[in-house]
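What follows is the residue order along each chain.
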Amino acid sequence: MKVRIKYVVEDTDRHGNVRVYLRKDGRKVRLRGPLGSPEFWREYHAALKPPPKVRGEKKTIPGTIQKGTMRWLVAQYTASGMFKQLGAKTQKDRRATLERFCNNVPKGSTAPDGEKPFDQLQAKHIRLRRDALVATPEAANTMLKAIKQVFKFAVQYEHLDRNPAADVEPLKSKGDGYHSWTLEEIEKFESVHPVGTTARLALALALYTGQRRSDLVKFGKQHVRDGWLVFTQFKGRENKPVRLELPIIPELQRIIDASPTGDLAFLATAYGKPFTAAGFGNRMREWCDKAKLSDCSTHGLRKAAAARLAELGCTEFEIMAITGHQTSKEVTRYTKAASQRLRAESALAKLTGTRS
C-alpha cells in the first residue's frame, strides 16, 4: 500500500519521468532524491518551513504583488522570454486582456481574480469567466487564449503541474466576421472615389493584393522588383515571418501611376507622411461613409479578394499564396460562399448536360 505524505504530489512529465513536489501555501517546491530517501526527507522538512522574512519587511505592502496570486503569475509570464517573443502589438493587447482578467470581480465574490491563488483556479472557474462574456464571443475567446498561455508558461516553468484552461472550449463566433464587399459595393466606392485619389489607390491595393492594412500602409517603390511586390508580412514578422512575392497586375499599376504617392509609401496622408495602420483604418472608414457603405471595411476587402479568387476557380493553396495564410482554415471561411456558388453552378451544368 502506497503511503501518502502530507503536501507531497507526484507529476509525470511528457518523457515519462516522475517528479515529486511539495505544494503548500501557494508554493510549489521540487523535492530531489528518491521518495522516502534521507535526501528526500531533508528537502521535505526544509520546504515545510516558510520562506525567511527580510528584515524590516511588512506582511502586506500596498501596491506590491503577493506571491502565489494570479496577478503574480501574470507578472512572471509577462517578464518571461515566452511573452517577449511576441510582437509589440500582441504584447500590448495581451497585457490589457490579462489586466482586465485580474481586475475582474466575479459575481458573488469580494476579491478580484488577480488577488486569488492561481493554483486554485479550475476549468469550471475559467468557463464561468468565459460565459460572462458570451455577448462578445471574440472578447471571450481572446481572454481564454491569454489565460491558456499564462498557464502553459506556469507548467513549463514548474509553477504548476497542470493547465486548467487547456480543455476549456472557445465560444462560437457570431456570423462570418467582417462583411465581404460585393461587386456592387466596390463599384459604388469607385464611382465616389475616382482614379487619381488616395481612396481609390487604397481600394486597388487592398483588392489586388489581398493584404492586411498593416502591410498596405508600408507598400512603396522599395518593395517593387521587376513588376512584383516583394515583402515580408507585418503580422508574425518576429516569430513566423511570411515572405511574399505578388505580381502587380496592369490595372493596379495604372492606378498607382495615376495617383499621388509618398516617397516610401504609396499611401500617404495629406501631409505626405505614411499612414499608421490605425490611422489608415480610420481614414478608410471616412471614405466608406462618404460612399454610404457603412458595412464595409479594409479587412472586408481582403475577404473580398479571396472570394474573387475562389470565384475564378483558384484552389485554396493558390489563394494562400496570395493572402499569406499558413492554413486553409481561414481561407475556407473567407471563400465559403464563393465555393458554394461554384459547386452549385457545376452541379447544374452536369444536370443540364445529362438532360441534353
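Residues numbered from 1 in each chain as written. Predicted model: local features only at pLDDT ≥ 70, side-chain atom pairs only at ≥ 80, totals over all residues. Heavy atoms only, no water.

**Student:** Could you give an account of the sheet that holds strand 5 (residues 228–232), with specific residues and numbers?
**Tutor:** The strand order 4-5-6 describes an open sheet built from three strands, whose pairing is antiparallel. Lying at the two open borders of the sheet, with one neighbouring strand each, are strand 4 (224–225) and strand 6 (243–247). Examined bridge by bridge, strand 4 and strand 5 share two bridges and lie antiparallel to one another. The partner of Arg225 across the bridge, within strand 5, is Trp228. (Pairing = 2+ DSSP bridges. Helix = DSSP H or I, 4+ residues; strand = E, 2+ residues; numbered from the N terminus.)

**Student:** Account for the packing of helix 8 (residues 198–209) against helix 12 (residues 298–311), naming residues and giving values.
**Tutor:** Taken N-terminus to C-terminus, the directions of helix 8 and helix 12 make an angle of 45°; their axes are 7 Å apart at the nearest point. Between helix 8 and helix 12, the angle is such that the two are oblique. The handedness of the crossing between helix 8 and helix 12 comes out as right-handed. For the pair helix 8 and helix 12, the contacting residues are Leu203, Ala206, Leu207 and Tyr208 in the first and Leu301, Ala304, Ala305 and Arg308 in the second. Looking at the contact of helix 8 with helix 12 residue by residue, the class counts come to seven nonpolar, no polar and one charged. (Axes fitted to C-alpha atoms, helices over the stretch in contact; angles between N-to-C directions. Parallel < 35°, antiparallel > 145°, perpendicular 65-115°, else oblique. Left-handed = near helix turned anticlockwise from the far one by under 90°. Contact = heavy atoms within 4.5 Å. Nonpolar A, V, L, I, M, F, W, Y, C, P; charged D, E, K, R; others polar.)

**Student:** Break down the packing of aromatic side chains for me, citing the residues and quoting the values.
**Tutor:** Across all of its chains, the model carries 12 aromatic pairs by this definition. With a centroid separation of 5.8 Å and 65° between ring planes, the pair formed by Phe275 and Phe280 is classed as edge-to-face. Phe280 carries the same exposure label as Phe275, and that label is buried. Ring pairs connect the aromatic residues Tyr77, Phe83, Phe153 and Tyr157, which therefore count as one cluster. The ring of Phe234 carries Arg237 above its face, with NZ or CZ at 3.6 Å from the centroid. (Phe/Tyr/Trp six-rings, centres within 6.5 Å; stacked < 30°, edge-to-face > 60°. Buried < 20%, exposed > 50% of the residue type's maximum accessible area, 1.4 Å probe, protein only. Lys NZ or Arg CZ within 6 Å of the ring centre and 35° of its normal.)

**Student:** Got a sec to walk through the environment of Asn282? Specific residues and values, please.
**Tutor:** Considering the arrangement of structural elements, one finds Asn282 in helix 11 (residues 277–290). A residue is classified by how much of its surface remains accessible, and Asn282, at 51% relative accessible area, is exposed. Along the backbone, Asn282 and Thr298 are 16 residues apart, and their C-alpha atoms lie at a distance of 9.8 Å.

**Student:** I'd like a description of the side chain of Asp215, backed by residues and values.
**Tutor:** Within the secondary structure, Asp215 sits in helix 9 (residues 213–216). The charged side chain of Asp215 is buried without a salt bridge, its nearest counter-charge being Arg212 at 4.5 Å. A polar side-chain atom of Asp215 sits 2.7 Å from the main-chain amide nitrogen of Phe234. Beyond its immediate stretch of four places on either side in the chain, Asp215 contacts Phe231, Thr232, Gln233 and Phe234. (Lys, Arg positive; Asp, Glu negative; His and termini not counted. Salt bridge = Lys/Arg side-chain N within 4 Å of Asp/Glu carboxyl O. Polar contact = N/O pair within 3.5 Å; in protein donor to acceptor, adjacent residues only side chain to side chain.)

**Student:** Residue-level account of the packing of helix 7 (residues 183–192) against helix 8, with values.
**Tutor:** If you want to describe how two helices pack, look at the angle between their axes and the distance between the axes. Running from N to C, helix 7 and helix 8 point in directions that differ by 150°, and their axes come no closer than 9 Å. Considering the angle they form, helix 7 stands roughly antiparallel to helix 8. Regarding helix 7 and helix 8, the two cross each other, and that crossing is left-handed. Two secondary-structure elements touch here, helix 7 through Ile186, Phe189 and Glu190 and helix 8 through Ala199, Arg200, Leu203 and Leu207.

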